[in-house]
Amino acid sequence: MLYFARWKIIAILAAVLAGFVLSVLNFIPKSTLDAWPDVIPKRQMTLGLDLQGGAHLLVEVDVASIVRERLDAVRDDTRRVLREARIGYTGLGVQDRAVQVRISDPTKVAEAVEKLSGLIQNLADPLSFSQIRDLAVSESGGLVRLALTDEGVNWKQRRAVEQSIEVIRRRIDQLGTTEPVIARQGTDRILVQVPGFQDSSRLKTLISQTARLTFHMVEGTGPSVMDPAAAGTENEVLMTRDDPPVPVLVQRRPMLVGDELVDAQASFDQRSNEPVVSFRLSTAGGIKFAEITRTFVGRAFAIVLDRDVISYPVIREPITGGSGQISGGFSIEEANDLAILLRAGALPANLTVVEERTVGAGLGADSIQAALLAGAIGSIAVIVFMVMSYGLLGVFAVVAVMANVALIIAILSLLQATLTLPGIAGIILTVGMAVDSNVLIYERIREEQQGGRSAITAIDAGFSRALATIVDANLTTFIAAAVLFWFGTGPVRGFAVTLGVGILTTLFTAYTFTRLMVALWVRRTRPTRVPI
């Protein structure tokens, strides 16, 4: 057990040396690292929100908006289906969580139910490997009801949360920030933490804005369109963002939707030099846009963002290039943010900010100082205990613990992991566990020596017989860390990551590296008694 081949010695020492070098890089200013050649490693750990400050938001998915949007779509589709089938009806409307309509001709009730049943969506449920019907169609006395099912609403809610997380992630990634935390909280909430980003109001705007872009034909503008008779069922009145706002009567059904956008960039108008957002459509969207502008030359075309009219220019000529621009008196930052929103895509549902918090960088610095002080005190106590209890072998254990901490920091740097205050607590806990492994080995050596073994055989037996106990103790803790990582979020995951990495490095340093140092000492001094 005390023999090491030359290549093993070189490999172990190289791994420890690399750990020290990569860990030291975290204490060098980033500006200095950026000036170094690219061949030199530059990776550093990212500090979490509690260490470097930043923005914290907790948003909630508006389930009511999901239900309302689906009911509106079912109502419009019901009107369309019955008209195409030439089935007379009255009283079409939304009641609670259902769309109901009364069929005028009793002889066509069965046909209406059959036609309307085609509106049911079959949703795949990955949890039960089955299909879910989002609507339940029923009929009583000529009154047909299309009610949303609870299973369908829950499915759409889960889907909306998953899609919202992806959209939020794309939006934040385009801000240029590093290691944001975006995680589900409960069934309908999303936690967003962006370390180093101090403008929480801008972040809130970027995250909570639905960014649903649509293009509608304009039927009229001004106070006269506010008359309900002018709107009818096919049109609706939307307001501009001007001060005071201008009412604009637009067709309810959009001619084009933002899903056709493939790119959006902030730029400047060549004529007015004001900030605008230039957009580019997909091939299919460009063809559709060209056909619309060719058909409606001379009419106004409203560009609507989240039911606010951004602008309503008049189509002067067909636009066949598949691109255009949105102007609306933007500032440069507003144009940039709108371009980010359009590139990232629209949210599937409205988001409500439940909790908003900004953590200052000063508080993070205080947390780091407190953690370093606690770590220093704990490390000094461990060093004193090990040296007083085990002498030279205690010194070996202290060196192994230092190598252990260096390897943890190096691995976290290579993984680009985010270090949080709980993560520092995990590192400090690992120091105690590493020392505990050395204590098991040394006490076993003491017992073997007291049993009459020679120094070398006692050391060899101590390392070999303590291995199983060390592995068992660390394995159970590693399982606990894995469970914390799997079910935890945010800081809990940070603690689990550092703890898990620390357990792996502990097995290497407390057993392999310590054994190497003891073996080299034995080879050089040939002791007759272990100095414990």
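Above this note sits the structure.
Conventions we followed
- Residues numbered from 1 in each chain as written.
- Predicted model: local features only at pLDDT ≥ 70, side-chain atom pairs only at ≥ 80, totals over all residues.
- Heavy atoms only, no water.
- Phe/Tyr/Trp six-rings, centres within 6.5 Å; stacked < 30°, edge-to-face > 60°.
- Helix = DSSP H or I, 4+ residues; strand = E, 2+ residues; numbered from the N terminus.
- Buried < 20%, exposed > 50% of the residue type's maximum accessible area, 1.4 Å probe, protein only.
- Contact = heavy atoms within 4.5 Å.
- Pairing = 2+ DSSP bridges.
- Polar contact = N/O pair within 3.5 Å; in protein donor to acceptor, adjacent residues only side chain to side chain.
- Axes fitted to C-alpha atoms, helices over the stretch in contact; angles between N-to-C directions.

Scanning the entire structure with this criterion turns up seven aromatic pairs. Centre to centre, the rings of F289 and F301 are 6.0 Å apart; their planes meet at 45 degrees, and the pair counts as tilted. Residue F289 is located in helix α9 (residues 283-295), and its partner F301 is located in strand β17 (residues 301-305); the two are separated by twelve residues in the primary sequence. Given a relative accessible area of 5%, F301 falls into the buried group.

Unlike most non-glycine residues, D96 shows phi in positive territory, near 55 degrees. Checked against the element boundaries, D96 lands in the loop between β3 (89-95) and β4 (98-103). Of note, A211 is a non-glycine position whose phi angle comes to about 65 degrees, a positive value.

The next thing to look at is the side chain of R70. Within the element layout of this structure, R70 appears in helix α4 (residues 63-84). Residue classification places R70 among the buried residues on the basis of a relative accessible area of 10%. Setting aside residues no more than four positions away along its own chain, R70 makes contact with L119, Q121, D134, L135, L148 and K156.

Right, let's get into the pairing of strand β2 (residues 54-61). Burial within β2 is extensive, with seven of its eight residues counted as buried. Here seven bridges tie β2 to strand β10 (residues 189-195), and the two strands are oriented antiparallel to one another. Within β10, the residue paired with A55 across the bridge is V194. Bridge count for β2 against strand β20 (residues 351-359) is eight bridges, and the pairing is antiparallel. Each bridged residue has a counterpart across the sheet, and for L58 the counterpart in β20 is E355.

Secondary-structure assignment places R241 in the loop between β12 (235-240) and β13 (247-251). Sequence separation between R241 and V309 is 68 residues; the distance between their C-alpha atoms is 6.7 Å. Filtering out sequence-adjacent residues up to four positions away, R241 remains in contact with Q209, L305, D308, V309 and I310. Only 3.4 Å separates the side chain of R241 from the side chain of D308, close enough to count as a polar contact.

Looking now at the sheet that holds strand β19 (residues 323-326). Strands sit in the order β15-β16-β19 across an open sheet of three strands; the sheet is antiparallel. Each of the sheet's edge strands pairs with one partner strand only, and the pair in question is β15 (261-268) and β19. Between one strand axis and the next, the sheet turns by 25 degrees as a mean value, whatever way the strands run. As paired strands, strand β16 (residues 275-281) and β19 are joined by four bridges and run antiparallel to one another. Counterpart to S278 in the pairing with β19 is Q325.

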